[in-house]
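Residue-level structure breakdown
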Amino acid sequence: MVSKDELKHLGWLARLDLSEEELLKYESQIDRIIQQFDILDRLTLDTLEPTHQTKSVRNLRIDEAKNFGENVLPKTRNRKDGYLKGPKSDVKQ
Amino acid sequence: MSRLCDLSLDEVTDGIRNQQFSAEDYVSHILERITRLDADIKAFVSVNTDHAVESARRIDSKIRRGEKVGYLAGITVGIKDNISTKGLRTTCASRVLADYIPPYDATVIRKLKESDAIVIGKLNLDEFAMGSTTEFSNFGPTRNPWNLDYVAGGSSGGSAAAVAAAECTASLGSDTGGSVRCPASFCSVVGFKPTYGSVSRYGLIAYSNSLEQIAPIARTVSGVVRLMNVISGVDPNDDTTRTVASPYSVESNRNHHRIALLNNLTVNAQPEVSKCIYSAMDTLSSAGCICEEITLDSLEFALASYYVIAMAEASSNLARYDNIRYGFDLDPEGYEWNSYFAKVRSNFGEEVKRRIIVGTYVLSSGYYGRYYLKAQKVRALLRREFKSLYSKYDVIIAPTMPILPFKIGEKIGDPIKIYYMDIDTVISNLTGMPAISIPAGFSNGLPIGLQIMSDDFQEQRIFDVALLFERTTKIQVRSPL
Amino acid sequence: MISNYGTKIGLEIHCQLTGLKSKLFCSCHCNYREYSPNENICPTCTGLPGTLPLLNQTAIEKAAMVCMAMNCTIPNNILFYRKNYFYLDLPKNFQLTQYNAHGISSIGVDGFLGYGQGEARIRRVQLEEDPGRLSYVKGSSGSLIDYNRAGVPLVEIVTEPDFHDPKDVRLFLNKLASIVEHLEVCDTSLEGAVRCDANISIGDSRRVEIKNVSSFGDVEKALKFEMTRQKAMLNYEMEIRGETRHWDEQRKITKQSRTKEEEQDYRYFHEPDIPSIQIDEDYLKELHSKMPELPDERKERFINYYKLTEHVSKVLIEHKDLADYFEESAKIYFAPKEISSIIVTDLMSFADDNSKKLGSTIRNIKMSPKQLAEIARMIKEGIVNRKTAKQLLYEAVVSGKLITSSENEANFRKIDDEGLILRSIENVFETESLAVLDAKKNPNVSNYLLGKVMELTKGRVDPGRALSLINKKLLEH
C-alpha cells in the first residue's frame, strides 16, 4: 500500500506540490499501478544480467574545446549581470 | 482527378523535380488544407508558414536554374513538438515549456533540411509523449480524421492525424512504447519504429531515453523508407547511434518470407482486430510467405517492465524543468528554493505527475532490485527469446493495437486501461528491435493496423514484407477529408 | 584521556581534471575560470531539453592514469549513473557520476597508495561532473547562478578509513597532489581545483562527515578540530551523533549542517544516454607506456642521478613545479647540489615569509631556471660568496633581473686583492678611531670593526680573512 504520507514523501523527492485533491486521487491510482508491477515478483532471473549497449573508449569524443557560438538561453527572464536569478538557497549568506 | 495533397511522398518529390507542379504550389495547397481542416483535427500546435513558403520558393528556383535538389525536395514534414527546432517554439504540449525556443536543431531536423524537406509545423502530442491518446495535451486532444469523435491514438497523435488528413506529406513522431505505431494504426497510416540506435535522438526531448526512437510516419511504406534513408545513421552528437544498413530499398522481389504470428497478442485483442490480423496473415500466405503461429509466455511481463523503466527514466528526465533556465514568468525572488521548485513543477499535467511519482517510487531506496533491476532483466530475457525466434523467422506479425480507436474521453479517467493499450507495442521498445504498423483494414470505419517486427537492424526485412502487403491489399491511402 | 588509537579517518577527494581542453560531456572549455558568468555554456551543460552527454575520451584516459598511479583495478567496462537530487547549481537536477552498488561501474577500484611511512587503501576512483556555482548579492534574498563550471570533469578518490592521525592525512594529500600534478591531470594550485571531504569516527562512536573543505591544507586542521571536539564530548560521556558537518574556512571550525541528509534518496540508475564504455587490455597497455614519471620514481632518480639526499629529493618532488624548476636549472648548469640547496633553503625561506607554499612560490617568482643556474655557477666558480649570492637571488626572484653584466658583476665580485681589503680596513679605522682604541683592550670589539668592514665592502670580502687582517692591523697600530 502506498499511504498518503508515502505519497507526500514521493512528492517531496520529486519536488511536486500535490493538492489534497490530487493526493486523494493519486493515492488509489498509484497503488493500483504499482500492483500491476508486482507481476515482476513472479520472476527471479538471478542468473540474468541487464544488457547494455557498448562503445569502445577509442570511439569517444576527442577532447577539443569549441564555443557554442549562439545565445544558449535567449528567453531566460530572470537575469542579472550575466547570472541567472534563482530563489533562495539554503546556504547561509 | 487526384488532389495534390493525396500524392505519396515519392509522387511529390518526382512531381516537383519534373516541374509538373512547383514546390510553392504544393506547399500553398498544404497550408490551405491546414487552415481549413486543423481547427477540427487539432494536429498542429505551430505552423511554420513563412519558412515553408520561403523554402518552397528556394527549391523552385534551384530547379528552374537546373541545380541539384535534395532527396526529399519539396515534401512537407510535420514534426512532433518534442523534437527541437531551432528558433521554432518546442513545447512538448506542456505548460512548463509553453514558450521554450530551442537554440539548436535536432539532428533529424538538420538532416531533413539538408535534403530540402520543408518543416511545415509542429504537431500535437500527449504532454512529454506520455500517453496513448493525445488527450493529455495542454493544447487539448487531436481528433481522428476518420471520425472526429474518436481519439487519434498517441502519443504522436498529431503526427499521425496530420498525415492521415493530408495536412503534410509525412511526419516525424517519437516511439517510446508504441507512440508512433499506435496513432499510425488508429489513423490508418504507416508508422515505423527503427532499431534503437538507428536514428539520432539528439534534440528529441527525452521521456525514456533507453526505449525511444524518433520514428517516421507517411501514407505509404516507401514514404517511410525514404525518410529513414535521410534520418538514420551514426551521429557524433548521440553516442548511442549505430551504423545502419541504409539506404533501404523499396524494390522488394522476395515473396517467400518466413513469418510467425504472435498469437498471445491476437488472443487478447478485440475480436474485430484479431480477425483482421488473421486475414492479413492469409493475405501474406497467399502472396507466397510461409506463415505459422507462435506463443511466447514471457510477454506477460513486458507491459509492467516497460512502465517501470519508462516512468523511472521519466522521473529523472523531467527533473530539469525547474523554471530557472526557461519556463513561465515567476520571479524567484523571495522564494525558498525547494518551495519554488515544487510550485513551478506543479504545472505539469495530471499524467506526467502520475508518472513522475511512480517513477520516483520504483527507483527509491529499497525498491530498485524489485522493480527497476527486474524490469531491466526482463528486457535481457525478451531480447534473448526474440533473438532465438529471428533465427527461425524473418519477421513476426501481430496487431499493433489490441483495440479499435475509441471515443475521446472514454478512457481518460482510468490510467491503467490506457496503459494496457500499449501491450503489443512495448515489446519492440524493450528489445530495441524495429517494428512497423501498416494499415490492415477497417472495422465500422475505424482503422486497424498490422504490426510487423524483426531483428536488430533488419529494417529491410520489415520493409519488404510491408511493401508486399501494401501492394497486395491496395488499402486506400487517400485522405478521408 | 582518549588516545588517537581507535580513530578512523577516511577521505573523499575531488580533483578537477584541469589538464583537459573540454568539459566531461560537451565541448565547452574545461578552463571555466577565464569567462564572465554564463559565457562558457552550451545546450548540453545547461541541461537544455533534448541534449545528450558526449563523454570526453581524454577524461577517461586521465582518470585511468590516476587509477594506475594508485594501483587500482580498472574494469573492462565502465558505466555512468544518474545521482538524482534537486539543487540550484545542477542544470539537470541530477549529477552524472559512477556508482558501484549495482556492480562495479567506476573507472578504478581496490587500489592503495603509500605515503610517508604509511599506506591507505583506495576504495574507488570515479569520474563525475562538477555542478555550476551559486553566489549571492547582499540585501537580496535570491541566488545568482553561473553554469560556467557545470560539467567540468572531476575524479573522485575515496579511501578506506585507514588513517588514524590528521598528520598522516596531510602527508597522504601532499603525495596525492604531487601525483596528479606529475600526471598533468590537475593543477592543484587553482582555486577550487581540489576539494576534500573527510569522515571520522573515534572508537565505537558514530561516524561524522566533514564537508566543504576546499583546500588540502585545511583538511588536517578540520580533522584536528573535530577530533578535539569529539574527544571532549567523550570525556564528558556525551554521545556523538552520526551527522554531517561543514568546515567554516573563516572561523576554522566545523559546524553542524542545516541540510537534512536523511531525507536524501539519490535513486541511482544507469545513464541510458552513455553506453557501457569498453576499456580493452591493449588500450590500458598503451596508456601504461604513456604514463609520465611518478613522484616516487622521480625521487629515486634524483637520489641516484643527481646524488641528492633523500630529504632534499622528497621536498623537491612534493611539487612537480619545484622538481621541474630544479631539473631545468640543473640541465643548464650541472650543479644539482648547489641548485637544490638554493631551492630548498633559500627559496623556502622566501616562501616562508608569505604563503608557505613552495609549489606556488616557484610559479610566481620572476627568476628563470636559467638565472638560478647562473647564480649556482657564480657560487661554484667562486665569483660570488654565499651572502652576495643570496642578494642576487632575492633581486632575481623579485625583479626577474640577474645582475651579471661585467660592470655590475664587479660590484658583486668577491674582493680577493689583499691591498683592497686593507684599504677598506684603513678607512674603517679612520672613521672608527674610538672603537679601535677599545678593540685594543677588548678583543670582542674587533667583531664590531669587522661588521663595519663588511658593510663598507657590501659583504664582498671573506669575513675570516678580514678579521685576521683587522687583528694584525690592531697589533701594528
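Cut-offs used in this document
- Residues numbered from 1 in each chain as written.
- Chains lettered and ligands numbered in written order.
- Predicted model: local features only at pLDDT ≥ 70, side-chain atom pairs only at ≥ 80, totals over all residues.
- Heavy atoms only, no water.
- Phe/Tyr/Trp six-rings, centres within 6.5 Å; stacked < 30°, edge-to-face > 60°.
- Helix = DSSP H or I, 4+ residues; strand = E, 2+ residues; numbered from the N terminus.
- Lys NZ or Arg CZ within 6 Å of the ring centre and 35° of its normal.
- Buried < 20%, exposed > 50% of the residue type's maximum accessible area, 1.4 Å probe, protein only.
- Pairing = 2+ DSSP bridges.
- Contact = heavy atoms within 4.5 Å.
- Buried area = accessible area lost by both parts, 1.4 Å probe.
- Salt bridge = Lys/Arg side-chain N within 4 Å of Asp/Glu carboxyl O.
- Polar contact = N/O pair within 3.5 Å; in protein donor to acceptor, adjacent residues only side chain to side chain.
- Nonpolar A, V, L, I, M, F, W, Y, C, P; charged D, E, K, R; others polar.
- pLDDT = per-residue confidence, 0-100.
- Core = buried A, V, L, I, M, F, W, Y, C linked by side-chain atoms within 4.5 Å.

**What to know about the packing of aromatic side chains**
Considering all chains together, one arrives at 38 aromatic pairs over all chains under this definition. A ring pair is formed by tyrosine 115 of chain C and phenylalanine 172 of chain C, whose centres lie 5.8 Å apart and whose planes are at 90°; its orientation type is edge-to-face. Highlighted residues: tyrosine 115 of chain C in strand β5 (residues 108–115) and phenylalanine 172 of chain C in helix α2 (residues 166–182), separated in sequence by 57 residues. Feature note: the residues Tyr100, Phe128, Tyr321, Tyr326 and Phe348 of chain B constitute an aromatic cluster, connected by ring pairs. Stacked on the ring of tryptophan 12 of chain A, the Lys or Arg arginine 15 of chain A has its end atom at 3.9 Å from the ring centre.

**Thoughts on the pairing of strand β6 (residues 170–175) of chain B**
All names here are of chain B. Counted residue by residue, β6 has six buried out of six residues, so it is predominantly covered. Here β6 shows two buried faces, one formed by Ala170, Leu172 and Ser174 and the other by Ser171, Gly173 and Asp175. For β6 and strand β8 (residues 213–218), the ladder comprises six bridges, and the chain directions are antiparallel. If you follow serine 171 over to β8, its bridge partner there is isoleucine 217.

**What about helix α11 (residues 337–345) of chain B?**
Most of α11 of chain B is tucked away, with seven of its nine residues classed as buried. Within the span of α11 of chain B, buried status applies to Trp337, Asn338, Tyr340, Phe341, Ala342, Val344 and Arg345 of chain B. Where α11 of chain B is buried, its residues touch α1 (4–13) of chain A together with α12 (350–363) of chain B.

**Points about the side chain of serine 185 of chain B**
Of note, serine 185 of chain B is situated in helix α6 (residues 181–187). In contact with serine 185 of chain B, other than residues within four places in its own chain, are Thr400, Met401, Ser437, Pro447, Ile448 and Gly449 of chain B.

**Notes on the interface of chain A and chain C**
On the chain C side, the residues contacting the 38 residues of chain A number 55 residues. Summing the contributions of chain A and of chain C, the shared interface buries around 4100 Å²; its carbon and sulfur component is 57%. Of all residues in chain A, Val57, Arg61 and Asp63 of chain A give up the largest surface area on contact with chain C, accounting jointly for 19% of the area buried on that side. In this assembly, chain A and chain C are joined by two salt bridges. The closest approach of N and O atoms between arginine 58 of chain A and aspartate 280 of chain C, which form a salt bridge, is 2.7 Å. Viewed at the interface, chain C and chain A are joined by 27 residue pairs in polar contact (both at pLDDT 80 or more). Broken down by secondary-structure element, the contributors of at least two residues to the side of chain A that touches chain C are α1, β1 (54–56), β2 (79–80) and β3 (83–86) of chain A. The dominant element in the side of chain A that touches chain C, judged by the number of residues it contributes, is β3 of chain A, at four residues. Among the residues making up the side of chain A that touches chain C, the classes are represented as 14 nonpolar, ten polar and 14 charged. When β3 of chain A meets strand β8 (residues 143–146) of chain C, the two strands line up antiparallel, connected through three bridges.

**Some details on the interface of chain A and chain B**
Taken together, the contacts link 55 residues of chain A with 65 residues of chain B. Across the chain A/chain B interface, buried area totals approximately 5400 Å², and carbon plus sulfur atoms make up 62% of it. At the boundary of chain A with chain B, the tally comes to eight salt bridges. Residues arginine 370 of chain B and aspartate 41 of chain A are paired through a salt bridge, measuring 3.1 Å at the closest nitrogen-oxygen approach. Summed over the shared surface of chain A and chain B, the number is 24 residue pairs in polar contact (both at pLDDT 80 or more). Mapped onto the side of chain A that touches chain B, the elements with two or more residues apiece are α1, α2 (20–37), β1 and β3 of chain A. The biggest single contributor to the side of chain A that touches chain B is α2 of chain A, with ten residues. Considering only residue class, the side of chain A that touches chain B consists of 26 nonpolar, eleven polar and 18 charged.

**So, unusual backbone geometry**
Residue and element names in this part refer to chain B. In this model, glycine 154 is joined to serine 155 through a cis peptide bond whose omega is 5°. By secondary structure assignment, the location of serine 155 is in the loop between β5 (147–151) and α5 (157–164). The linkage connecting serine 246 with the following residue, proline 247, adopts the cis geometry, with an omega of 5°. Looking at where proline 247 falls in the secondary structure, it is placed in the loop between α7 (221–231) and β9 (258–262). Although it is not a glycine, alanine 93 sits at a positive phi angle of roughly 55°. Mapped onto the secondary structure, alanine 93 falls in the loop between β2 (76–80) and α4 (107–114). Phi is positive for aspartate 116, close to 65°, though the residue is something other than glycine. For aspartate 116, the location among the structural elements is in the loop between α4 and β3 (118–123).

**Notes on the confidence of the model for chain A**
When the pLDDT values of chain A are averaged, the result is 90; 97% of them are 70 or greater. Element-level pLDDT for chain A is lowest in β2 of chain A, with a mean of 86, against a maximum mean of 96 in β1 of chain A.

**Details of the sheet that holds strand β3 (residues 81–84) of chain C**
Hydrogen bonds between backbone atoms are what pair the strands of a sheet, whose relative direction is either parallel or antiparallel. Residue and element names in this part refer to chain C. The sheet built from three strands is open, its strands ordered β4-β3-β14 with antiparallel pairing. For this open sheet the edge positions go to β4 (94–97) and β14 (269–270), each flanked by a neighbour on one side alone. Note: β3 against β14, two bridges, orientation antiparallel. Bridging from a neighbouring strand, arginine 82 pairs with phenylalanine 269 of β14.

**Points about the nonpolar core**
Residues Phe37 of chain A together with Phe128, Leu262 and Phe386 of chain B are the most contacted members of the largest nonpolar core, which totals 108 residues. No other element matches helix α10 (residues 302–317) of chain B, which puts eleven residues into this core. Beyond its immediate chain neighbours, meaning those up to four positions away, phenylalanine 37 of chain A contacts Ala304, Tyr307, Val308, Met311, Val358, Val362 and Tyr371 of chain B.

**Side note on the environment of alanine 63 of chain C**
Residues and elements named next belong to chain C. Positionally, alanine 63 belongs in helix α1 (residues 57–69). Taking the C-alpha atoms as reference, alanine 63 lies 8.1 Å from valine 185; in sequence the two are 122 residues apart. The contacts of alanine 63, once residues within four sequence positions are left out, are Ile107, Leu127 and Val155.

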